[in-house]
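Breakdown of the fold
The chain contents come next:
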Amino acid sequence: MAPARQQPQPQFQKDEKVLCFHLDMLYEAKVIDVEPADKAADGFKYKIHYKGWKNTWDDWVLVDRIRPFDDEHKELAAQLHAQLKQSTQKANAKLTKKPTKGGPDSMRGSEERGASAAQGGRGGRRGKDWELEHEDAFHSKPMINIPVPDHIQAMLVDDWENITKNNQLVPLPHNLPVSKIFEDYLKHERPHREEGSASMDILEEVVAGFREYFEKALSRILLYRFERHQYMDIRKLWDNGDDDSEYKSVCDVYGAEHLARLIVSLPELLAQTNMDQQSVSRLREEIGKFTVWLGRNCQTYFVNEYETPSPEYVENARSF
């Protein structure tokens with residue numbers, strides 16, 4: 001006799017504290033009811049009550065809107081709310097700011113982007129309270145922004161100063177290149193996803209796309225002028241390498257410093273895509289989770305010291 005088929009169980013239980021997405025934001029909530037979804041393929045639907053809000057805001061959602069109430073997702077929620085607050089402040093500042101001809105807004109190039117990242121890194125630290133504060137926030141549609149941990153922003157400040165002010169370089173090839181970072185992140189994240197699930201597919205697709213973005217963007221927008229001579233030298237590692245060479249692409253040579261520059265450049269890049277809002281929100285969440293993980297492991301993946309190039313390099317770089 002064949003064993004009885006085990007009935008699927010809901011991923012979250014009634015009265016469980018969770019985090020739940022509404023638009024692009026992640027809010028503290030509680031599961032107040034669980035029922036089979038209207039479509040069998042969707043599994044279960046969950047009635048959600050957002051903490052501190054009237055019952056009129058209660059909502060039936062599918063599991064893809066809900067996240068566990070754990071430290072990793074709480075940190076992501078905090079950063080999403082901090083990012084929204086920062087975006088709102090910037091938008092308000094633009095409305096009240098008088099335009100100046102030839103001012104900072106007219107600047108372009110990696111040096112200016114680096115300076116902008118540096119200024120952002122010195123800003124106020126994110127708030128601890130990421131609960132809902134205004135009902136209007138539900139109707140706010142934030143800009144396409146990626147939440148970046150404060151300590152990564154601070155490292156971007158140091159990175160910019162080391163290269164553009166101190167004429168130093170990130171040592172290359174990197175001891176822990178981007179390819180290794182992605183490999184380690186997948187090893188960390190896969191056990192938290194069900195094998196063969198849509199969530200697992202999204203994870204692998206996002207990392208593959210992230211890698212491709214890095215390969216395409218490095219020489220175009222991620223290098224400061226002082227690094228370009230180094231880039232031309234380092235290209236020989238993969239341009240002239242044989243099939244057995246460990247240096248196959250820029251992902252095998254460059255590391256966390258340049259990857260962090262890509263993360264802060266992603267809003268501008270994503271704004272040029274034709275993705276729908278749901279896809280952008282999911283991508284934003286995945287990249288946000290990655291930056292939380294990278295921030296927690298920054299001491300491992302970022303270099304401790306920059307190298308000082310020879311006087312000959314400095315002279316060549318300035319005339320490059």
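On a predicted model such as this, the values are computed, not experimentally measured, just so you know.

1. Some details on the pairing of strand 3 (residues 44-50)
Most of strand 3 sits inside the fold, with 6 of its 7 residues counted as buried. As defined by bridge partners, strand 2 (residues 25-36) adjoins strand 3 across 7 bridges and the pair is classed as antiparallel. Residue Asp-33 lies in a different strand from strand 3, and its bridge partner there is Lys-47. Pairing analysis gives 4 bridges linking strand 3 to strand 4 (residues 59-62), with the strands arranged antiparallel. Pairing of Lys-45 across the sheet is with Leu-62, part of strand 4.

2. Here's the deal with the pairing of strand 2
Strand direction decides the pairing type here: strand 1 (residues 17-22) and strand 2, joined by 6 bridges, are antiparallel. The residue of strand 2 that forms the bridge with Phe-21 is Leu-26.

3. Considerations on the nonpolar core
Membership of the largest hydrophobic core comes to 52 residues, with the highest contact counts inside it found for Phe-210, Phe-214, Tyr-254, Leu-259, Leu-262, Phe-290 and Leu-294. Of all the elements in the fold, those that place two or more residues in this core are helix 3 (150-165), helix 4 (178-189), helix 5 (198-221), helix 6 (228-234), helix 8 (256-270), helix 9 (277-296), helix 10 (298-301) and helix 11 (311-318). Here Leu-259 is in contact with Val-178, Ile-181, Phe-182, Phe-210, Phe-214 and Phe-290, once residues within four sequence places are set aside.

4. Describing helix 9
The terminal C-alpha atoms of helix 9 lie 28 Å apart, and with 20 residues this matches the ideal 28 Å at 1.5 Å per residue to within 8%. Among the 20 residues that make up helix 9, 16 are buried, leaving the element largely enclosed by the rest of the structure.

5. Some remarks on a negative patch on the surface
Taken together, the side chains of Glu-194, Glu-195, Asp-201 and Glu-205 present a region of like negative charge at the surface. Take Glu-205: it is sitting in helix 5. Accessibility expressed as a relative area gives 62% for Glu-205, which makes it exposed.

6. Comments concerning the pattern of salt bridges
Under the definition given, this model contains 16 salt bridges. Close ionic contact of Glu-285 with Arg-67 constitutes a salt bridge, the shortest N to O distance being 2.4 Å. Taken as a pair, Glu-285 in helix 9 and Arg-67 in strand 5 (residues 66-68) lie far apart in primary sequence, 218 residues in all. In this pair, the class of Glu-285 matches that of Arg-67, namely buried. Between Arg-193 and Glu-189 there is a salt bridge whose closest N-O contact spans 3.0 Å. You'll find Arg-193 and Glu-189 in the same group, each marked buried. A single network of salt bridges, built from pairs that share partners, joins Glu-189, Arg-193, Glu-286 and Lys-289.

7. Description of the packing of aromatic side chains
Counted under the stated rule, the structure contains 11 aromatic pairs. When the ring of Phe-210 is compared with that of Phe-290, the centres are 5.4 Å apart and the planes differ by 80 degrees; the resulting orientation is edge-to-face. Placement of the pair is Phe-210 in helix 5 and Phe-290 in helix 9, with a sequence separation of 80 residues. Both residues of the pair, Phe-210 and Phe-290, belong to the buried class. Directly above the aromatic system of Trp-60 lies the positively charged group of Lys-45, at a separation of 5.2 Å from the ring centroid.

8. Topic: the side chain of Arg-67
Arg-67 sits in the buried class, given a relative accessible area of 9%. At a separation of 2.4 Å, a polar atom in the side chain of Arg-67 contacts the side chain of Glu-285. Residues in contact with Arg-67, not counting those within four places in the same chain, are Phe-12, Val-18, Leu-19, Phe-21, Leu-26, His-73, Arg-282 and Glu-285.

9. Overview of the sheet that holds strand 5
A sheet is described by the order of its strands in space; here 5 strands give the open sequence 4-3-2-1-5, paired in antiparallel fashion. Each end of this open sheet is capped by a strand with a single partner; those strands are strand 4 and strand 5. Going from strand to strand, the sheet's axes swing by 50 degrees on average, the running direction of each strand aside. One ladder, built from 3 bridges, connects strand 1 with strand 5; its direction is antiparallel. When the sheet's bridge partners are listed, Val-18 is paired in strand 5 with Pro-68.

10. Comments concerning the packing of helix 4 against helix 5
For any two helices packed against each other, the geometry comes down to the angle between their axes and how far apart the axes lie. One can describe the packing of helix 4 onto helix 5 by two numbers: an axis separation of 11 Å at closest approach and a directional angle of 170 degrees. Classified by the angle between their axes, helix 4 and helix 5 sit roughly antiparallel to one another. Residues Val-178, Ser-179, Phe-182, Tyr-185, Leu-186 and Glu-189 of helix 4 form the contact with helix 5, whose participating residues are Leu-203, Val-207, Phe-210, Arg-211 and Phe-214. Across the contact of helix 4 with helix 5, the residue classes break down as 8 nonpolar, 1 polar and 2 charged.

11. Some points on the confidence of the model for the protein
When pLDDT is averaged along the protein, the result is 77; 74% of the residues meet or exceed 70. Within the protein, no element has a lower average pLDDT than helix 2 (residues 110-121), which sits at 48, and none a higher one than helix 4, at 95. Considering only residues more than four positions removed or in separate chains, one finds that residues 98-110, a stretch of pLDDT under 50, has 6 contacts. Counting contacts from residues 117-142, a segment whose pLDDT is below 50, to residues more than four positions away or on other chains yields 52 contacts.

About the criteria used
Residues numbered from 1 in each chain as written. Predicted model: local features only at pLDDT ≥ 70, side-chain atom pairs only at ≥ 80, totals over all residues. Heavy atoms only, no water. Buried < 20%, exposed > 50% of the residue type's maximum accessible area, 1.4 Å probe, protein only. Helix = DSSP H or I, 4+ residues; strand = E, 2+ residues; numbered from the N terminus. Pairing = 2+ DSSP bridges. Core = buried A, V, L, I, M, F, W, Y, C linked by side-chain atoms within 4.5 Å. Contact = heavy atoms within 4.5 Å. Expected span 1.5 Å × (residues − 1). Patch = residues over 30% accessible without salt bridge, like charges linked within 9 Å, V, L, I, M, F, W, Y side chains within 5 Å. Areas by Shrake-Rupley, 256 points an atom, 1.4 Å probe, with all protein chains shown as cover. Salt bridge = Lys/Arg side-chain N within 4 Å of Asp/Glu carboxyl O. Lys, Arg positive; Asp, Glu negative; His and termini not counted. Charge placed at Lys NZ, Arg CZ, Asp CG, Glu CD. Phe/Tyr/Trp six-rings, centres within 6.5 Å; stacked < 30°, edge-to-face > 60°. Lys NZ or Arg CZ within 6 Å of the ring centre and 35° of its normal. Polar contact = N/O pair within 3.5 Å; in protein donor to acceptor, adjacent residues only side chain to side chain. Axes fitted to C-alpha atoms, helices over the stretch in contact; angles between N-to-C directions. Parallel < 35°, antiparallel > 145°, perpendicular 65-115°, else oblique. Nonpolar A, V, L, I, M, F, W, Y, C, P; charged D, E, K, R; others polar. pLDDT = per-residue confidence, 0-100.

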